[in-house]
Amino acid sequence: MRLDKLLANAGYGSRKEVKQLLKQKAVTVDGKMVKDPSMHVDPEVQEIYVLGEKLEYKEFIYIMLNKPPGVISATEDLYDKTVIDLLSPIDRHYKPFPVGRLDKDTVGLLLLTNDGKLAHNLLSPKKHVPKTYYAKIDGLVTKEDVEAFRQGVELDDGYVTKPAQLNIIKSDEKSEIELTIYEGKFHQVKRMFEAVGKKVTFLKRLLMGSLQLDEKLKYGEYRELTMEELELIQNEITKEE
Ligand code: URA
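Described below are features of the structure shown in this document. Fair warning: this is a prediction, and the values are worked out from it, not measured in the lab. (Residues numbered from 1 in each chain as written. Predicted model: local features only at pLDDT ≥ 70, side-chain atom pairs only at ≥ 80, totals over all residues. Heavy atoms only, no water.)

**Some words on the pairing of strand 8 (residues 131-138)**
Looking along a regular strand, one sees side chains alternate from face to face of the sheet.
Then, number 1: Along strand 8, six of the eight residues are buried, which leaves the element largely enclosed by surrounding structure.
Then, number 2: Bridging between strand 8 and strand 10 (residues 174-181) involves eight bridges; their strand directions are antiparallel. What sits directly across from K136, in strand 10, is E176.
Then, number 3: One ladder, built from eight bridges, connects strand 8 with strand 11 (residues 199-208); its direction is antiparallel. Looking at the pairing, I137 lines up with V200 of strand 11. (Buried < 20%, exposed > 50% of the residue type's maximum accessible area, 1.4 Å probe, protein only. Helix = DSSP H or I, 4+ residues; strand = E, 2+ residues; numbered from the N terminus. Pairing = 2+ DSSP bridges.)

**A word on the site of the ligand**
Then, number 1: Around the ligand, the neighbouring residues are L102, D103, T106, Y133, H187, Q188, V189, K190 and L203.
Then, number 2: With respect to the ligand, the side chain of T106 contributes an N or O atom lying 2.8 Å from an oxygen atom.
Then, number 3: Q188 places a polar main-chain atom, nitrogen or oxygen, 3.5 Å from an oxygen atom of the ligand.
Then, number 4: Here the ligand has 240 Å² of accessible area as a free molecule, and 96% of this is covered by the chains.
Then, number 5: For the shell around the ligand, the element with the most residues is helix 6 (residues 188-195), which contributes three residues.
Then, number 6: Along the lines of polarity and charge, the residues of the shell around the ligand split into four nonpolar, three polar and two charged. (Near = heavy atom within 4 Å. Polar contact = N/O pair within 3.5 Å; in protein donor to acceptor, adjacent residues only side chain to side chain. Areas by Shrake-Rupley, 256 points an atom, 1.4 Å probe, with all protein chains shown as cover. Nonpolar A, V, L, I, M, F, W, Y, C, P; charged D, E, K, R; others polar.)

**With respect to the packing of helix 4 (residues 116-123) against helix 7 (residues 227-238)**
Then, number 1: Their axes nearest at 10 Å, the elements helix 4 and helix 7 cross at an angle of 60°. Our classification of the angle between helix 4 and helix 7 gives oblique. The two elements helix 4 and helix 7 cross, and the hand of that crossing is left-handed. Counting all contacts with helix 4, which are made through L118, N121 and L122, the residues of helix 7 involved are I233, Q234 and I237.
Then, number 2: Among the residues making up the contact of helix 4 with helix 7, the classes are represented as four nonpolar, two polar and no charged. (Axes fitted to C-alpha atoms, helices over the stretch in contact; angles between N-to-C directions. Parallel < 35°, antiparallel > 145°, perpendicular 65-115°, else oblique. Left-handed = near helix turned anticlockwise from the far one by under 90°. Contact = heavy atoms within 4.5 Å.)

**A few points about the sheet that holds strand 4 (residues 53-54)**
Then, number 1: With antiparallel pairing, the four strands of this open sheet are ordered in space as 2-1-3-4. Lying at the two open borders of the sheet, with one neighbouring strand each, are strand 2 (32-33) and strand 4.
Then, number 2: The pairing of strand 1 (residues 27-29) with strand 2 spans two bridges and is classified as antiparallel. Opposite V29, over in strand 2, you have K32 as the bridge partner.

This is the structure in structure tokens:
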């Protein structure tokens, strides 16, 4: 890869800014100062230093975000703030995108990555990756609802949902539940509760496959996945269908 492209991809500025860095003799490749932006380098084998700092090149980025309310799960929007706007310029440089969508008012676990293959697999209906939500519900959630969700409920468009697990945490006029679904239809959780005559008033995603929301992350905060977390989800989607 060209040196200027590599440095730009790694977040050291635009190609023009990178050229300036090279002019300032700020870059070495295998111990030799380099000024030529078109030089071809291999970051996997060669040691590249920028301003005395070793360049840790990575092709992919995997981010766990605790999505706040009021922000949309898109890469750009004319009116609303997007989840990408919450990232630092360096992280944005990798061009990550959200893996699936949470509604504007839904909070919690959202994975952002530029690894299209992983995203595709996580979202593939064939993989049945479970997603677990915590929700507050207006209305009394009952054992009958648990059974209905286990069987599948009919949504407003006639679609019958796949079996889902509903756990009641608190059952009264303002119920609290956890729900695990194995598919991802538009507004699915809200529509499932509408199907049994109830309204979701708060929705938070806790889990996607084995990936669990890090509760230390406040709304709008994020961190990269650990190696362990990444390996777990990678193994999960390569499992036999
Ligand atoms: N189901 C919903 O209704 N909304 C979400 O954001 C996610 C799942």
